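# Examination of the molecular architecture
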Amino acid sequence: MVTVGKFNQLQVVKQVDFGVYLDGDHLDTILLPKRYVPEGCEVGDWLSVFLYFDSDDLLIATTEKPKVEVGNCEMLTVVDINHAGAFMDWGLPKDLLVPYNEQQKPMEVGYSYVVHVYHAGFTWISNRIYTYRNGCSFWLLCILSRLSLIHISEPTRLLSIS
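The rules behind each value
Residues numbered from 1 in each chain as written. Predicted model: local features only at pLDDT ≥ 70, side-chain atom pairs only at ≥ 80, totals over all residues. Heavy atoms only, no water. Helix = DSSP H or I, 4+ residues; strand = E, 2+ residues; numbered from the N terminus. Buried < 20%, exposed > 50% of the residue type's maximum accessible area, 1.4 Å probe, protein only. Contact = heavy atoms within 4.5 Å. Areas by Shrake-Rupley, 256 points an atom, 1.4 Å probe, with all protein chains shown as cover. pLDDT = per-residue confidence, 0-100.

Scanning the protein for helices and strands turns up zero helices and twelve strands. Listed by position from the N terminus, the elements making up the protein come as β-β-β-β-β-β-β-β-β-β-β-β. Among the 162 residues that make up the protein, the fraction classed as buried is 41%. Looking at the protein alone, contacts between residues at least 24 apart form 53% of all its contacts between residues at least 6 apart. As displayed, the protein offers around 9,100 Å² of accessible surface, 50% of which is attributable to carbon and sulfur atoms.

Have a look at this one:
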């Protein structure tokens, strides 16, 4: 099964001037832009690619490795703040957005927060403070699906590292 927010082994099904299309199974074909296509790649080859939504909310593939995948924890840095919220650098061209209404406490540019990336959804990211199963506290970065919400326990203290 193809999973957004993780690396997948996908087969090249079509070559075009601007990249290759990969068989995304139930997600249809997925573009791997030309700059990420390995030299000598042909239709029928299998590639290890990371899937995410680009700035136009289109599903896209990359061979670049993000700083964190869905289901894992990592410390990410806020690189920008605008009218929509805070943006965190996760090593890919599109930074992760944490909207203001989902920030427990306003995030600041240059500060790093330990985050846990949840289900790779489509529309928005929620930033809340929660207790993880092992008892440690951290900023929780949830990418929520349009189809399901994630129920989490009581809020606790902030762990902020700058």
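Before going further, it helps to spend a moment on the environment of Leu-22. Note that Leu-22 resides in strand S2 (residues 19–23). When the C-alpha atoms of Leu-22 and Gly-44 are compared, they prove to be 9.4 Å apart, with 22 residues separating the residues in sequence. Excluding residues within four positions of it along the chain, Leu-22 makes contact with Leu-10, Gln-11, Val-12, Val-13, Asp-28, Thr-29, Ile-30, Leu-32, Leu-47, Val-49 and Ala-61.

Despite not being glycine, Asp-25 has its phi angle at roughly 55°, a positive value. The backbone of Asp-28 sits at a positive phi, close to 70°, despite the residue not being glycine. Relative to the elements of secondary structure, Asp-28 occurs in the loop between S2 and strand S3 (29–33).

For the protein, per-residue confidence averages 75 on the pLDDT scale, and 70% of positions sit at 70 or higher. Averaged pLDDT values over the elements of the protein bottom out at 39 in strand S11 (residues 137–144) and peak at 98 in S2. The model gives residues 122–126 a pLDDT under 50, and that stretch makes 23 contacts with residues more than four places away or in other chains. Note on residues 129–162: pLDDT is under 50 here. Beyond four places in sequence and across chains, it has 92 contacts.

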